[in-house]
Amino acid sequence: MDTRTEKLNSLLKDGLFDIPRYQRSYSWKQDQLQDLLDDLRYLPDGRTHFFGNIILEKQDDPFRTDNGLQYDLFHVVDGQQRLTSAIIFLHVAAQYDDTVAETLDHDNLIFPVDERPRLLPQDQDKEYFRDGVLGTAQIDRQTPSQERLKGAIEFFEEHFQNLDDDDEIRSLAETLRYDCRINVVEIDEESEAASIFESLNDRGRPLSTLDKTKSFLMYMDDRSSNRGKLAEQIKQRFGKIYRELFVLSNGHERVDDFDEDSFLRFHWGLYDGYDSDEYFQGFETLKTRLREQYRAGELEAVQEAIDDYTLDLREGASAFAAIFEPQSLPENPRSSLILLLELGRLANVLPVLMASYLQFGEENPSGFADIVDACETLVFRMYGIDNRRADTGRGRLVRLAHEIHTDDSLESEEVVLRIDSITERYTGDERFERQLRDPEFFDSNTSRDIKYLFYRYGQQIDSEAGEEVLKDVSHILSQEFQVEHILARKLPSEEIPSDLSGHFDEHVHRLGNLTLASRYWNSSYGNLPFAEKQRASGNREKDYESSALRVQSELADFDTFGKREIDEREDTLVEFALDEWAISPPKIDEPTVESREEFTGYFPPDFFDRLSNKQEAMFRALFEAEGPISSDELIRRMEEEYDESVGGSTGLAGILAGLTSKHSKEFRRSIMPADWKGDQYHWQLTFDETQEERFREQLGYDTEEN
């Protein structure tokens, strides 16, 4: 290891610089660029600025040009953000000052050879940096790092355009080249380079977890194989991942709620399941597992784990991107997904959506749409109207996502039932209705959620009238529309209906006294008495009767508006909500009928192929039992003997509902009857001789006995 201190100008002349494959991509934003600019602008005369540490690994093979010139080639292990930003700074300065351009050309500082610039970033950004940043080519930006590279150019361009002193650009460029000192550390081996980089990451450098993941996997691949056996696959897969995650910059505006780290967390849930200690520490868990395998000498297992994880991560990125680009999907599920995106609070259902898209998105778009609808119902009920905590149901939803992702036999109908069972657990119909009838409904809910409810209600009454008026949900949820109190909150006492006299405050915020209104309407007419809102007097043209919004115009049908009307309207809206956001949670149905002749010797042709892991565990536990067993005992055996998380009686009901959704309820009852004893069902299998023989054959019992 060699250490030296030199100026930026002399460092750049030492050779050519590549950012190695395990490095992160360009990450500087405006704050870091502004700090660099301020350091140069406010450096006192006669002083030098410490530009930081640069760790380099000199390559054995120099770079050779077509005409025979040779240049030392270095990999930048640490400091690539500063070097990249410095190159961009000098390149932009040359566009605004001829002297700077002449000196850079004279010293061959940016393009020492025709074949390449002085510095090249990672593989996915090489072409864009060389031809789009330092060249004149018009290249579409495909990754977040390319977006940030473009942002750096625009930042310096804007600054140089606004300078009052024409000589300041030259002065700043000279300060960067000659007054910035760099501590250069030159190392010898690639493994040492990767180890140092990992150490820098662990000390809390501001990398995204996705960047850390790539670098660590490249490092472990290098350690566990013959100099990076999977390097090309990792590079290609992460290139695709970064391109897919460009959706974070250009996707639906709801994507602003998330970042690369969020995506990694969601993917870890569907990839590995849910553990409260690991869900937010997926990268650390992955590191621990790979290191343990490596230290145990299980090098092939390390390679298999890296290959499996990166392939799965690439698939997860495509699903994440698809969800936030609903315009690229078929109408069904596009319309459902747009509603869910507008509703927000997606963090807990995103793993389910990602797993479901991968499982059903292309082959069964209608089934995927049903799952989206079930997620929308869950979000609206639990996190919207019921105001449940943000982590409510997270574990159950993430575990469901993992099951969808790992069990190809799950049908979309079963997934919907499982989502509905989670919704019922936290916000069943009784609780949902109670929240809707809250006397303080207006103050207990966000304006956005109330507007969303009225948007959906307005869609229904538009449909009943045969005319669609409320088309754009994002417009209705914008600040252009507000929640209006039909009887104004500050209604003069003489205008308060007689049946509300003395207890007006107890009813003014109820759902039945609310509607949707444009901001102009609400500010201009919202405080008027009901009769004036209903039908305008004088020269005013705006009123309920003439409103284009049926959620307003239907109010003109009331002769008066008081407590009775609020009650009636609340009943209507609650009935609508219970129907629109209805759930069908799985239930364990009544005991079997005794007749089973039509199913004697019968199994559906695809019965065994379509068994989920949990369903197979359930049948095995019953088959191996000596007699009928209770629901509690069945669940215990499934969990302890077959390592399948059931989730109590509700989870068992979901497993049974999934079975009957694939086949008939009558067939399921014929082979698996239940009797109610004490406080729970007791189950057994009632195969005839032919069915038992088929069961043993398909599930390998005869083979196991031999």
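## Some remarks on the overall build of the protein
Counting its regular elements, the protein contains 33 helices and 13 strands. Projected onto the principal axes, the alpha-carbon positions of the protein cover approximately 95 × 90 × 40 Å. Burial status across the protein gives 55% buried among its 706 residues. When the accessible surface of the protein is split by element, carbon and sulfur atoms take 40% of a total near 32200 Å². Computed over 82 positive and 149 negative side-chain charges, the inter-centroid distance for the protein is 3 Å.

## Considering the sheet that holds strand E2 (residues 16-18)
One open sheet accounts for six strands, arranged E1-E8-E3-E6-E2-E7; its pairing is mixed. Pairing within the sheet leaves two strands with one partner each, and these edge strands are strand E1 (2-7) and strand E7 (119-120). The pairing of E1 with strand E8 (residues 180-187) spans six bridges and is antiparallel. Among the inter-strand pairings, Glu 6 is bridged to a residue of E8, identified as Ile 182. Across the face of the sheet, helix H3 (residues 80-96) comes into contact with strand E3 (49-58), strand E6 (73-78) and E7 while running at roughly 110° to E3.

## As for the sheet that holds strand E12 (residues 674-677)
Within a sheet, adjacent strands bond to each other through the backbone by hydrogen bonds, running parallel or antiparallel. If you walk across this open sheet you meet the three strands as E11-E13-E12, and the pairing is antiparallel. Every interior strand has two partners, whereas the edge strands, strand E11 (629-630) and E12, have only one.

## As for the confidence of the model for the protein
With 94% of its residues at a pLDDT of at least 70, the protein reaches an overall mean of 88. Averaged pLDDT values over the elements of the protein bottom out at 47 in helix H8 (residues 190-202) and peak at 97 in helix H16 (residues 350-360). This model gives residues 197-205 a pLDDT under 50, and the stretch forms 21 contacts once residues within four places in sequence are excluded.

## Describing helix H28 (residues 613-624)
Relative to the 16 Å expected for twelve residues at 1.5 Å per residue, H28 spans 16 Å between its end C-alpha atoms, a close match to the ideal helical length. Most of H28 is tucked away: nine of the twelve residues are buried. Among the residues of H28, Lys 614, Gln 615, Ala 617, Met 618, Phe 619, Arg 620, Ala 621, Leu 622 and Phe 623 are the ones counted as buried.

## A closer look at the environment of Val 184
Within the secondary structure layout, Val 184 lies in strand E8. On the basis of relative accessible area, Val 184 is assigned to the buried category, the value being 0%. A sequence separation of 55 residues divides Val 184 from Phe 129, and the C-alpha atoms of the two residues are 24 Å apart. In this structure Val 184 touches Asp 2, Thr 3, Arg 4, Glu 6, Leu 11, Ile 54 and Leu 56, once residues within four positions along its chain are discounted.

## Here's the deal with the side chain of Glu 644
For Glu 644, the location among the structural elements is in the loop between helix H29 (631-642) and helix H30 (648-662). With residues up to four places along the chain from it excluded, the contact list for Glu 644 reads Asn 613, Lys 614, Ala 617, Met 638 and Glu 639.

## Details of the packing of H29 against H30
Packing of H29 against H30 leaves a shortest axis separation of 10 Å and a crossing angle of 80°. As summarised for this structure, H29 and H30 are arranged roughly perpendicular, according to the angle between their axes. Here H29 contributes Ser 631, Leu 634, Ile 635 and Met 638 to the contact with H30, which in turn contributes Gly 648, Ser 649, Leu 652 and Ile 655. Here the contact of H29 with H30 is built from residues that sort into five nonpolar, three polar and no charged.

## A closer look at the packing of aromatic side chains
All told, the structure shown has 50 aromatic pairs when counted by the stated rule. Consider the rings of Phe 599 and Phe 667, whose centres lie 5.6 Å apart with planes at 65°: the pair is edge-to-face. Separated by 68 residues along the polypeptide, Phe 599 in the loop between helix H27 (563-580) and H28 and Phe 667 in helix H31 (residues 665-671) bring together distant segments of the chain. Across this residue pair, the class does not change: Phe 599 and Phe 667 are buried. Look at Phe 623 and Phe 687: their rings are 6.5 Å apart centre to centre, the planes differ by 40°, and that puts the pair in the tilted class.

## Observations regarding a negative patch on the surface
Together, Glu 440, Asp 443, Asp 505 and Glu 506 make up a region of like negative charge exposed at the surface. Relative to the assigned elements, Asp 505 resides in the loop between strand E9 (481-485) and strand E10 (514-518).

## Some points on the nonpolar core
Membership of the largest hydrophobic core comes to 101 residues, with the highest contact counts inside it found for Phe 263, Phe 320, Phe 324, Leu 378, Ile 419 and Leu 436. Residues Ile 19, Leu 83, Ala 86 and Ile 169 belong to the second largest nonpolar core, which totals 49 residues.

## Some remarks on helix H19 (residues 412-427)
The end-to-end C-alpha separation of H19 is 22 Å, in line with the 22 Å expected for 16 residues at 1.5 Å each. Among the 16 residues that make up H19, 13 are buried, leaving the element largely enclosed by the rest of the structure.

## Focus on unusual backbone geometry
In the Ramachandran plot, Asn 108 falls in the positive-phi region, its phi being about 50° despite a non-glycine side chain. When you line up the elements, Asn 108 lands in the loop between helix H4 (98-106) and E7. A positive phi angle, close to 55°, is found at Arg 345, a residue other than glycine. Mapping Arg 345 onto the fold places it in the loop between helix H15 (331-343) and H16.

## A word on the pairing of E9
With four of five residues buried, E9 lies mostly within the body of the structure. Note that E9 and E10 share five bridges and pair antiparallel. Across the sheet, the residue bridging to Phe 481 is Ser 518, located in E10.

Calculation criteria
- Residues numbered from 1 in each chain as written.
- Predicted model: local features only at pLDDT ≥ 70, side-chain atom pairs only at ≥ 80, totals over all residues.
- Heavy atoms only, no water.
- Helix = DSSP H or I, 4+ residues; strand = E, 2+ residues; numbered from the N terminus.
- Buried < 20%, exposed > 50% of the residue type's maximum accessible area, 1.4 Å probe, protein only.
- Areas by Shrake-Rupley, 256 points an atom, 1.4 Å probe, with all protein chains shown as cover.
- Lys, Arg positive; Asp, Glu negative; His and termini not counted.
- Charge placed at Lys NZ, Arg CZ, Asp CG, Glu CD.
- Pairing = 2+ DSSP bridges.
- Contact = heavy atoms within 4.5 Å.
- Axes fitted to C-alpha atoms, helices over the stretch in contact; angles between N-to-C directions.
- pLDDT = per-residue confidence, 0-100.
- Expected span 1.5 Å × (residues − 1).
- Parallel < 35°, antiparallel > 145°, perpendicular 65-115°, else oblique.
- Nonpolar A, V, L, I, M, F, W, Y, C, P; charged D, E, K, R; others polar.
- Phe/Tyr/Trp six-rings, centres within 6.5 Å; stacked < 30°, edge-to-face > 60°.
- Patch = residues over 30% accessible without salt bridge, like charges linked within 9 Å, V, L, I, M, F, W, Y side chains within 5 Å.
- Salt bridge = Lys/Arg side-chain N within 4 Å of Asp/Glu carboxyl O.
- Core = buried A, V, L, I, M, F, W, Y, C linked by side-chain atoms within 4.5 Å.

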